[in-house]
Amino acid sequence: MSYFDWTPDLDTHIELVDEQHKILVRCINELHEANQRKDFEAEGKIIEDLIRYTVEHFSDEEKLMDDAGYPLSKQHKQIHQRFVDKVREIQQKRREGEDIGQELLGILHNWLFTHISHHDKGFIPAVQKYLAAKSSYDELEAEAAVRAAFQNPRRTQNPAAFPAFIDDDTAAVNQSENNNAQESEDIFSKARQNIKNLKIWR
Ligand SMILES: [Fe+2]
Ligand SMILES: [Fe+2]
């Protein structure tokens, strides 16, 4: 069993996004292994790779959200930016000689798990609709993918575990999700309703 196991509730069923998330999870597991064997050189290199790859993933994900016209893209980007700032801050502490391995692993695990299984789920209906419209596949497949992404019961996460990432922006996201839940009863709005019911934004 690895430090961070991939479980089906993390699948967004958007191929590019899932592939990149799995690479991030693998980086976290490698970081944990380096930390366990006290290989500080390897640890430093993995942190750098992780930041670089995270920025790349966020950029791809943000483009997808924008192309799909996801209404909460702005807030989602702010959440991404705060995460990168936080990891860079910890990386700086490490450069100053602090042993940050465990702190960083805890934050990465909690944050990434919550972000993928809750925040990223928010854009799935919009992105699937967009991909279907682009005719990568048809609308029925898109609907099936949305259903699949929401079929697994989500584990709840205590928001107090990552207070640094919760602020007024996420409250705005919550409000907006609530408003959008009034949409018509198609599969996409049902998926949005699911997100609302998670009560993850505080
Ligand atoms: Fe993501
Ligand atoms: Fe994201």
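Below is a short write-up of the structure.

Here is what the cut-offs are and how they apply
- Residues numbered from 1 in each chain as written.
- Chains lettered and ligands numbered in written order.
- Predicted model: local features only at pLDDT ≥ 70, side-chain atom pairs only at ≥ 80, totals over all residues.
- Helix = DSSP H or I, 4+ residues; strand = E, 2+ residues; numbered from the N terminus.
- Buried ≥ 20, exposed ≤ 12 C-beta atoms within 10 Å, placed from the backbone.
- Contact = placed C-beta atoms within 7 Å.
- Core = buried A, V, L, I, M, F, W, Y, C linked by C-beta atoms within 7 Å.
- Axes fitted to C-alpha atoms, helices over the stretch in contact; angles between N-to-C directions.
- Parallel < 35°, antiparallel > 145°, perpendicular 65-115°, else oblique.
- Left-handed = near helix turned anticlockwise from the far one by under 90°.
- Expected span 1.5 Å × (residues − 1).

1. Quick notes on the overall build of the chain
Here is step 1 of the chain: Scanning the chain from N- to C-terminus turns up 8 helices and 0 strands.
Here is step 2 of the chain: In the chain, which comprises 202 residues, the proportion classed as buried is 32%.
Here is step 3 of the chain: Contacts spanning at least 24 positions in sequence make up 69% of the contacts within the chain whose residues lie at least 6 apart.

2. Observations concerning unusual backbone geometry
What is expected of a backbone is that most residues other than glycine have negative phi and most peptide bonds are trans.
Here is step 1 of the chain: Of note in the backbone geometry, His 13 takes a positive phi value of approximately 65 degrees without being a glycine.
Here is step 2 of the chain: Turning to its location among the elements, His 13 is positioned in the segment before helix 1 (15–36).
Here is step 3 of the chain: Overall, His 13 belongs to the partly exposed group, with 19 C-beta atoms counted inside 10 Å.
Here is step 4 of the chain: Phi at Lys 38 is positive, roughly 55 degrees, even though this residue is not glycine.
Here is step 5 of the chain: Tracing the chain through its elements places Lys 38 in the loop between helix 1 and helix 2 (40–68).
Here is step 6 of the chain: You can call Lys 38 exposed: it has 10 C-beta atoms within 10 Å.

3. What about the nonpolar core?
Here is step 1 of the chain: Formed by 18 residues in total, the largest nonpolar core has its most connected members in Cys 27, Ile 28, Leu 31, Ile 46, Leu 50, Leu 108 and Leu 112.
Here is step 2 of the chain: For this core, the secondary structure elements donating two or more residues are helix 1, helix 2, helix 3 (73–95) and helix 4 (101–119).
Here is step 3 of the chain: When residues in this core are grouped by element, the largest group, 6 residues, is from helix 4.
Here is step 4 of the chain: The contact partners of Ile 28, leaving out residues within four places of it in the chain, are Tyr 3, Phe 4, Leu 105, Leu 108, His 109 and Leu 112.
Here is step 5 of the chain: Of all hydrophobic cores here, the second largest spans 16 residues; its members include Ile 14, Met 65, Phe 123 and Val 146.

4. Quick word on helix 5 (residues 124–133)
Here is step 1 of the chain: Extensive coverage of helix 5 is indicated by the burial of 7 of its 10 residues.
Here is step 2 of the chain: Listed in full, the buried residues belonging to helix 5 are Ile 124, Pro 125, Ala 126, Val 127, Gln 128, Lys 129 and Leu 131.
Here is step 3 of the chain: Of the residues trailing helix 5, Ser 135 is marked for its positive phi of about 65 degrees.

5. Regarding the packing of helix 1 against helix 4
Here is step 1 of the chain: Two elements in contact, helix 1 and helix 4, have axes whose closest approach is 10 Å; the angle formed by their N-to-C orientations is 160 degrees. With respect to helix 4, the axis of helix 1 lies roughly antiparallel. Relative to helix 4, the crossing made by helix 1 is left-handed. Contacts between helix 1 and helix 4 involve His 21, Leu 24, Ile 28, Leu 31, His 32 and Asn 35 from the first element and Gly 101, Leu 105, Leu 108, His 109, Leu 112 and Ile 116 from the second.

6. Remarks on helix 4
Residue pairs spaced three or four apart in an α-helix point in one direction, given the helix's 3.6 residues per turn.
Here is step 1 of the chain: For helix 4, with 19 residues, the first-to-last C-alpha span of 25 Å sits near the 27 Å given by 1.5 Å per residue.
Here is step 2 of the chain: Within helix 4, burial applies to Leu 104, Leu 108, Trp 111, Leu 112, Phe 113, Thr 114, His 115, Ile 116, Ser 117 and His 119.
Here is step 3 of the chain: Of the surrounding secondary structure, the elements contacted by the buried residues of helix 4 are helix 1 and helix 3.

Read these as spatial facts, not as claims about activity.
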